[in-house]
Amino acid sequence: MTEHVNSEAGTITAAAPPRAKTLTATDLALIAAFAALIAAMAYIGAIPVAGAGVPITLQTLGVALAGAVLGPLRGSLSVLLYLALGAIGLPVFAEHSAGLGVFTSVSFGYLISFPIAAAVIGYLVKYVVGSRRTSALWVFLAIAAGSILVVHPMGIAGMKLHQDVPWATAASWDLPFWLGDLVKTTIAAIVAAEVHRAFPALLKRR
């Protein structure tokens, strides 16, 4: 709280502290919509390809879109909502799985990386890419950075810990995901750039 001096009256008045930003109804609707989008994308594909049996899905496409379109706060909250829905028993994870047991499976590293990746991607798009977010190339670089720095390292660590294998083995299991992620990153970048072109004020709210 700050104080202001009234020079004429010789009195000191206390100024009210700035109000904390709250999520609006629109924010909540967007968070819920993107959580549902990620859940729907988890059903598409689900092809086990890694040596440890982790399936390829479109989940990471939904996570990338959440961060790149909604920004760090709303994007990460949408992913956390998705994970919470799965944790309480809704079959929203890959291969229609659900429950807390999924977070102790071989893919747990990828799952817990998702909200962090969405926050990183959202931060990069909002604060680093900034006004260039209508360019698919710049958005692509932001999404790729989130995937390379967060999703893949945490996924590899999860498989290494769960299967008790060397780092090199876990990393080799992660390799089949890279080509698919390149395609998904490209799609997410094109879509997000077009969304920001159509709604230039979307990230100014949060």
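Before reading on, note that the structure itself is shown above.
All residue numbers refer to position in the chain's written sequence, counted from 1. Since the coordinates come from a predicted model, pLDDT governs what is reported: local features require at least 70, and pairs of side-chain atoms require 80 or more to be given and counted, while whole-chain, interface and lining totals use all residues. Where side-chain values are given, they derive from all heavy atoms of the structure, hydrogens and water being excluded.

1. Let's talk about the overall build of the protein
Alright, step 1. Helix numbering and strand numbering both begin at the N terminus, where a helix is a DSSP run of H or I of at least 4 residues and a strand a DSSP run of E of at least 2. Counting secondary structure elements, the protein contains seven helices and four strands.
Alright, step 2. Overall, the protein shows an N-to-C arrangement of helices and strands of β-β-α-β-β-α-α-α-α-α-α.
Alright, step 3. The long-range fraction of contacts in the protein, counting pairs at least 24 apart against all pairs at least 6 apart in sequence, stands at 65%.
Alright, step 4. With the model as given, the accessible surface of the protein reaches about 10,400 Å², and the carbon-plus-sulfur share is 70%. Any two residues whose heavy atoms approach within 4.5 Å are treated as being in contact. The method behind every accessible area is Shrake-Rupley, applied with a 1.4 Å probe, and residues are considered shielded solely by the protein chains displayed.

2. Some thoughts on a nonpolar patch on the surface
Alright, step 1. Any residue with relative accessible area above 30% and no salt bridge may belong to a patch, with like charges joined within 9 Å and the nonpolar Val, Leu, Ile, Met, Phe, Trp and Tyr side chains within 5 Å. Here, a salt bridge means any Lys or Arg side-chain nitrogen found within 4 Å of an Asp or Glu carboxyl oxygen. Where nonpolar side chains cluster on the molecular surface, the patch consists of Ile 148, Leu 149, Leu 175 and Trp 178 and spans about 420 Å² of accessible area.
Alright, step 2. Looking at the secondary structure, you find Ile 148 in helix α5 (residues 136–163).
Alright, step 3. Its relative accessible area of 44% is what places Ile 148 among the partly exposed residues. A simple rule labels every residue: compare its accessible area, found with a 1.4 Å probe on the protein chains alone, to the largest value its type can have, and call it buried under 20%, exposed over 50%, or partly exposed in between.

3. Concerning helix α1 (residues 25–42)
Alright, step 1. What a helix should span is 1.5 Å times the count of its residues minus one. If you check α1, its first and last C-alpha atoms are 26 Å apart, about what 18 residues at 1.5 Å a residue would give, namely 26 Å.
Alright, step 2. Inspection of α1 places Asp 27, Ile 31, Phe 34, Ala 35, Ile 38, Ala 39, Met 41 and Ala 42 among the buried residues, and these make up the whole buried set. Summarising the axial view, the buried residues of α1 lie within an arc of 165°, below the 170-degree limit, and thus occupy one face. It is the directions from the helix axis to the C-beta atoms whose arc is reported.

4. Looking at the pattern of salt bridges
Alright, step 1. Per the stated rule, a full pass over the model turns up three salt bridges.
Alright, step 2. A salt bridge links Lys 184 to Asp 181; the nearest nitrogen and oxygen atoms lie 3.3 Å apart. Residue Lys 184 and its partner Asp 181 are both found in helix α7 (residues 176–198); the two are separated by three residues, about one turn of the helix. Grouping residues by exposure puts Lys 184 and Asp 181 together as buried.
Alright, step 3. Its salt-bridge partner being Arg 197, residue Glu 194 comes within 3.6 Å of it at the nearest N-O pair. Here the residue Glu 194 and the residue Arg 197 both occupy positions in helix α7, the gap between them amounting to three residues, near one helical turn.

5. Remarks on the side chain of Asp 174
Alright, step 1. Residue placement: Asp 174 occurs in helix α6 (residues 167–174).
Alright, step 2. Despite its burial, Asp 174 remains without a salt bridge, the nearest opposite charge being carried by Lys 184 at 10.0 Å.
Alright, step 3. Here a polar contact means two N or O atoms within 3.5 Å. Within protein one must be a hydrogen donor candidate and the other an acceptor candidate, and residues neighboring in sequence count only if both atoms are side-chain atoms. For Asp 174, the side chain forms a polar contact with the side chain of His 152, separated by 2.8 Å.
Alright, step 4. Filtering out sequence-adjacent residues up to four positions away, Asp 174 remains in contact with Tyr 110, His 152, Ile 156 and Met 159. When charges are counted, Lys and Arg are positive and Asp and Glu negative, with His and the chain ends excluded.

6. Things to note about the nonpolar core
Alright, step 1. Within this scheme, the nonpolar core is defined by two criteria: the residues are buried Ala, Val, Leu, Ile, Met, Phe, Trp, Tyr or Cys, and they are joined through side-chain atoms within 4.5 Å. The biggest cluster of nonpolar side chains holds 47 residues, and the ones touching the most others in it are Val 79, Tyr 82, Val 139 and Ile 143.
Alright, step 2. Breaking this core down by element, the ones donating at least two residues are α1, α2 (59–70), α3 (72–87), α4 (108–129), α5, α6 and α7.
Alright, step 3. Ignoring any residue separated from it by four or fewer positions in sequence, one finds Val 79 in contact with Ile 38, Val 63, Ala 66, Phe 114, Pro 115 and Ala 118.

7. Things to note about the packing of aromatic side chains
Both the distance between ring centres and the angle between the ring planes are used here to describe each pair of aromatic rings.
Alright, step 1. Each Phe, Tyr or Trp ring (for Trp, its six-membered ring) is paired with any other whose centre lies within 6.5 Å, and the angle between the two planes then decides the class: stacked below 30 degrees, edge-to-face above 60, tilted in between. Evaluated as defined, the whole model comprises four aromatic pairs.
Alright, step 2. Aromatic pair Phe 93 and Phe 103: ring centres 5.7 Å apart, planes at 85°, arrangement edge-to-face. Here Phe 93, found in the loop between α3 and α4, pairs with Phe 103, found in the loop between α3 and α4; they are 10 residues apart in sequence, far enough to count as distant.
Alright, step 3. Among the residues examined, Phe 103 registers a relative accessible area of 22% and is labelled partly exposed.
Alright, step 4. Pairwise contacts between aromatic rings join Tyr 82, Phe 93 and Phe 103 into one cluster.

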